[in-house]
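Chain residues, written in single-letter form:
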Amino acid sequence: MRIHVATDHAGFEMSKRLIEHLTANGHECVDHGPTEYDAEDDYPSFCINAARAVVRDQRSGVEALGVVFGGSGNGEQMAANKVEGVRAALAWSLATAELAREHNDANVVAVGARQHEEAEMLEIIDAFIATPFTGAERHARRIAQLGEYETTGAIAGHEIV
Ligand SMILES: O=C(CO)[C@H](O)[C@H](O)COP(=O)(O)O
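Since we're looking at a predicted model, the values are computed, not measured.

About the cut-offs
Residues numbered from 1 in each chain as written. Predicted model: local features only at pLDDT ≥ 70, side-chain atom pairs only at ≥ 80, totals over all residues. Helix = DSSP H or I, 4+ residues; strand = E, 2+ residues; numbered from the N terminus. Buried ≥ 20, exposed ≤ 12 C-beta atoms within 10 Å, placed from the backbone. UniProt positions renumbered as here; feature names shortened; annotations may be inferred. Contact = placed C-beta atoms within 7 Å.

Focus: the environment of E117
Turning to step 1, where the next piece is worked out: Along the chain, E117 falls in the loop between β5 (108-112) and α5 (118-130).
Turning to step 2, where the next piece is worked out: Given 9 C-beta atoms within a 10 Å radius, E117 is considered exposed.
Turning to step 3, where the next piece is worked out: Put simply, E117 and M14 are 103 residues apart on the chain and 9.2 Å apart in space, counted from C-alpha to C-alpha.

Rendered as structure tokens:
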């Protein structure tokens, strides 16, 4: 699978370890930066570029997911979720990583590099990548409502105030 990766300084080393790990396991990684460690850098553009690439790939039929790192992963998730078509989930355990795919069909995972040892971080991201969306009607319905709101500002049959 193609995996788009982005970070800021807080996840810089973790992102390199992840790219090595995923590449060794047969994935194609695209590094959206930063290219060097800078303690003053800002995560939004890196994460937005990775998120946009995921949507571009998925819309053209390429199997792709995204990973964004930060110290907590919170701001990185927020940045990715600004991109239309992105469902970015903050994963902090195996269960939250698996549920992000099973229930939410998340296409980007945000991880707090300062919250995990490397081995745990790799486990969380491996689980995210390996877990399929269940396709259950109730989950698909809810995801469709998010998409509808994103593109129209409304959800048919539901009051938005
Ligand atoms: O997780 C993050 C945003 O949610 C950032 O990585 C974090 O805020 C960076 O902190 P600092 O500039 O103090 O190193």
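Topic: the UniProt feature "binding site: D-ribulose 5-phosphate" (unreviewed entry) in the protein
Turning to step 1, where the next piece is worked out: According to UniProt, the feature "binding site: D-ribulose 5-phosphate" (unreviewed entry) maps to D8, H9, G71, S72, G73, N74, G75, N104, R114, R138 and R142 in the numbering used here. Spatially, the listed residues are scattered: they cover 135 residues, and their C-alpha atoms lie as much as 38.6 Å apart.
Turning to step 2, where the next piece is worked out: Structurally, G71 is set in the loop between β3 (64-70) and α3 (74-81).
Turning to step 3, where the next piece is worked out: Once residues lying within four places of it in the same chain are set aside, the contact partners of G71 are A10, G112, A113 and R114.
Turning to step 4, where the next piece is worked out: Checked against the element boundaries, N104 lands in the loop between α4 (94-102) and β5.
Turning to step 5, where the next piece is worked out: Residue classification places N104 among the partly exposed positions, given that 16 C-beta atoms sit within 10 Å.
Turning to step 6, where the next piece is worked out: Those residues in contact with N104, other than ones at most four positions away along the chain, are R87, A89 and I143.

As for the environment of V109
Turning to step 1, where the next piece is worked out: Structurally, the position occupied by V109 is in strand β5.
Turning to step 2, where the next piece is worked out: For the pair formed by V109 and L99, sequence separation is 10 residues and the distance between their alpha carbons is 11 Å.

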